[in-house]
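Examination of the molecular architecture
Spelled out from the first residue to the last, the chains are:
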Amino acid sequence: MEPAIFYILAAVTVIATLFAIAEKHAVHAIVYLVTSFFALSVIFFMLGAPVVAVFEVIIYAGAIMVLFLFVIMMLDLGHPERARLPGGRDWWPALVLGAVTLAAALTLFVSRGPAASAAGKAIGVKEFALALFGKYGVAVEVISLQLLFALVGALYLGKRRNDRGEGGRRLGEGQSLLREERHP
Amino acid sequence: MTDLTLDITIHLAKIALIFFVVLTLAAYLVFAERRLLAWIQDRKGPNRVGPFGLLQPLADLIKLLTKEDFRPPQADKWLFYLAPAMAAIPAILTFAVIPFGAPVRLLGREVPLQVADLNVGLLFFMALSSIAVYGVALGGWASNSKYALLGSIRGLAQLISYELSMGLSLVPTVMLAGSLRLSEIVAAQKGVWFIVYQPLAFAIFLVSIAAECKRIPFDIPEAEGELVAGFHTEYSGMRFGLFFVGEYINIIVLGGLATTFFLGGWHGPLLPSFVWFVAKTLAFAFFFIWMRGTLPRLRYDQLMHLGWKVLTPLALVNILATGWWLMIRELR
C-alpha cells in the first residue's frame, strides 16, 4: 500500500508545483504551492522524518506562504490574468537556475551509493534535536545570525520610508490601511 | 477477522465516534451559547423548539440547508467555495492526536482512546492551527468585498500573532513532560496537573486560544459593529454554517488541548476517564461563552500590543525560568 500512497503524493506534489508556476494569479499560485507542500510533508512522514514533515507544514505552508498571502492581499495587483507571456529576456535566469538544479540532480543520481534504503526507521524529536544543535550547532547559529541581519535590514528599510514619508508607495498603502484601523 | 482488518475497523470506529460526538457537541454548543448569553443578559433565549428548546440546533440546520447558496458575481469561484472547508477541516483534524480517555480493553487487546499517537503530536497541532489561517484569509479575499477583505486581513494578522504566543506557552509543558507525544504529556500529569507548575503558561495559552478561535474579546476579524460580519460577510446558507460550525469545533478542540496540556487530560478520580475529559473540555467552552457575555471587544492596536509586547515576551521569560527551575531541581 505504501508505494501506491507515495506515487499519489508524488504526482500531487509535481502537478501542484507545475500549476503554481504556470498560474498567473498570485493567490491561486499560493494555494497550489501550499497543496504541494502538504503532499511533500506526508512524503517526508512516510520516509521516517516526522519532525521534518511537521516543520514543512508549520514553517513553509503555515508561516511563509501566509506572509506571502498577507502581502499579496495588501497589494493591488490589477488584472494579473491579462498579463502577457514572459518575453525572451525574462527566460534566461529561469533557464540558468533550472540547468543548475538539473545538473545537481543528475550528479546525485549518477554518484548515489549502492544501498540507499528507502524508508529507514523513524527519527524521533530527540535524535533530530541532538543532531541539529550538537553536530550542526555552529551552522544553526550562523543561519540564525543571517536571519537577524535580514530582520535588521527590513527594520531599517521600513524606518527610512516612514521618516521621509515618500517612496515605497505599496508598503505605504498597506501601512495606511493598518493605521486607519487603529481608530475604528 | 484478521488482525489488520480488526485494527482498521477499530480506527474507523474511533474516527466515526469523534466526528459524531464533536459535530453534535458543536451544534449544541451554539444552542448552549445562545441560552447562556440570554441568561447573562436577563433574557430567555431560544426555548420554543422541543423541550427547553433542545431541538433548536436541528431547526437551525434545516434553515441553513434550505437557504439560497449565493455567490457574489465578482467573487473568485473556487476559492469562495473551498474556503469554508479550509476553515472547518483543520479544526476537526486536530482531534486525531488528542487522547480523550484512558486506554480500554476491547476484544482482548489494549485500545488507546486516541486516533493517532504521533511522536510529534504537539507539533501536529501547531501545524494544523497554522493551516487554519487559510480559511479566514481566502474566504474574505475571494468574496471580493471590502468588509470581507478587511476582516480577513485582520484575521490573518491576529492568527499569526497569537499562534506565536500559543506555541511558546506550550514549550514549558514539553520541558516538564519531556515529550511532544500527547499521551506522554497526559501521563506526566498523573500526580500533579501542569497548571500547578505553570499557571503563567496556562494563562498565556488561554488568552491565545481565545484569540485563535476569534472569540470576543478578540473577534475583530468579524466585528459586527464595524465590518458587517467580517470575513464571512458574503457567505450564506450552509457555507456560512460551515464557517460557524468550524468555529465551534475549534472551541471544543482547543478546550480539549488546554485540558490535555494543563489540566491533566483524562485523569481524575471516581468518574470514568472519558467523562472527565469531556467535563474539562466543556468547562473551557463555558468559560469562553461567559467571557463573550462579559468583555468588550479590543481595538486592533490593543490586540497587537497584547500579543507582541506582553504575551510573547512573557512566554519567552517563562520558558527561561522553567529551564532554570528544572536545572536547579536536577542539581539537588
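Residues numbered from 1 in each chain as written. Chains lettered and ligands numbered in written order. Predicted model: local features only at pLDDT ≥ 70, side-chain atom pairs only at ≥ 80, totals over all residues.

**Some remarks on the overall build of chain B**
Under the convention used in this document: What counts as a helix is a DSSP run of H or I of at least four residues, what counts as a strand is a run of E of at least two, and both are numbered from the N terminus. It is over C-alpha atoms that the radius of gyration is taken, and the globule rule equals 2.2 Å times the number of residues to the power 0.38. Remark: C-beta atoms are placed from the backbone, and a residue is labelled buried if 20 or more other C-beta atoms sit within 10 Å of its own, exposed if 12 or fewer do, or partly exposed between those counts. In this description, any two residues whose backbone-derived C-beta atoms lie within 7 Å of each other are considered to be in contact.
On a plain count of helices and strands, chain B comes out with 13 helices and two strands. A compact globule built from 332 residues would reach a C-alpha radius of gyration of about 20 Å, and chain B, at 21 Å, matches this within 12%. Along the three orthogonal principal directions, the C-alpha set of chain B runs to about 65 × 55 × 45 Å. Burial status across chain B gives 45% buried among its 332 residues. Relative to all contacts within chain B whose residues are 6 or more apart in sequence, the contacts with residues 24 or more apart total 77%.

**Section: the confidence of the model for chain A**
Low-pLDDT portions of the prediction should not be read for the details of their coordinates. To keep it simple, the criterion reads: Confidence of the predictor at the level of single residues is captured by pLDDT, which takes values from 0 to 100.
Confidence in the prediction of chain A, expressed as mean pLDDT, is 79, and 76% of residues score 70 or more. Here residues 165–184 of chain A is modelled with pLDDT under 50, and outside its nearest four sequence neighbours on either side it reaches 13 contacts, counting other chains as well.

**With respect to the confidence of the model for chain B**
When pLDDT is averaged along chain B, the result is 86, and 100% of the positions lie at 70 or above. Interface confidence in the predicted complex, given as ipTM, is 0.81; pTM for the same model is 0.83.

**As for helix H11 (residues 237–262) of chain B**
Residues and elements named next belong to chain B. Heads up, the condition is: Between the first and last residue of a helix there are one fewer steps than residues, each counted as 1.5 Å, and that sum is the expected span.
With 26 residues, H11 should reach 38 Å at 1.5 Å per residue; the first-to-last C-alpha distance of 38 Å fits that figure. Burial of H11 is extensive: 23 of the 26 residues sit out of reach of the surface. Directly after H11, the chain includes Gly264, whose backbone phi takes a positive value near 75 degrees.

**Overview of the interface of chain B and chain A**
Rules: Throughout this entry, Asp, Glu, Lys and Arg are counted as charged residues, while Ala, Val, Leu, Ile, Met, Phe, Trp, Tyr, Cys and Pro are counted as nonpolar. The remaining residues, Gly among them, count as polar.
Each partner contributes to the interface: chain B provides 22 residues, whereas chain A provides 19 residues. Counting only elements with at least two residues in the side of chain B that touches chain A, the list comes to helix H4 (121–131), helix H5 (133–142), helix H6 (146–177) and helix H13 (300–331) of chain B. Counting residues per element, the side of chain B that touches chain A draws most heavily on H4(B), which supplies six residues. Across the side of chain B that touches chain A, the residue classes break down as 17 nonpolar, two polar and three charged.

**As for the pairing of strand E2 (residues 109–113) of chain B**
Rules: Pairing between two strands requires that DSSP report at least two bridges joining them.
Of the pairings in the sheet, the one linking strand E1 (residues 101–106) of chain B to E2(B) comprises four bridges and is antiparallel in character. Following the sheet pairing, Gly101(B) is matched in E2(B) by Leu113(B).

**Section: the environment of Ala38(B)**
Within the element layout of this structure, Ala38(B) appears in helix H1 (residues 3–40). Between the C-alpha atom of Ala38(B) and that of Gly293(B), which follows or precedes it by 255 residues, the distance is 9.0 Å.

**Describing the nonpolar core**
Residue and element names in this part refer to chain B. Worth spelling out the cut-off: Nonpolar cores are built from buried Ala, Val, Leu, Ile, Met, Phe, Trp, Tyr and Cys residues. These are joined into a set through C-beta atoms within 7 Å.
Counting residues in each nonpolar core, the largest one holds 109 residues, and the members touching the most others are Phe205 and Ile249. Among the elements that make up this core, the one with the highest residue count is H11 (14 residues). If near-sequence neighbours (up to four positions away) are discounted, Phe205 is found in contact with Met166, Ser169, Leu170, Ala258, Phe261 and Phe262.

**Quick look at unusual backbone geometry**
Residues and elements named next belong to chain B. Residue Phe52 is not a glycine yet carries a positive backbone phi of 55 degrees. Its place among the elements puts Phe52 in the loop between H1 and helix H2 (56–66). In this model, Asn144 sits at a positive phi of 60 degrees, which is unusual for a non-glycine residue. Tracing the chain through its elements places Asn144 in the loop between H5 and H6. We classify Asn144 as partly exposed; it has 15 C-beta atoms within 10 Å.

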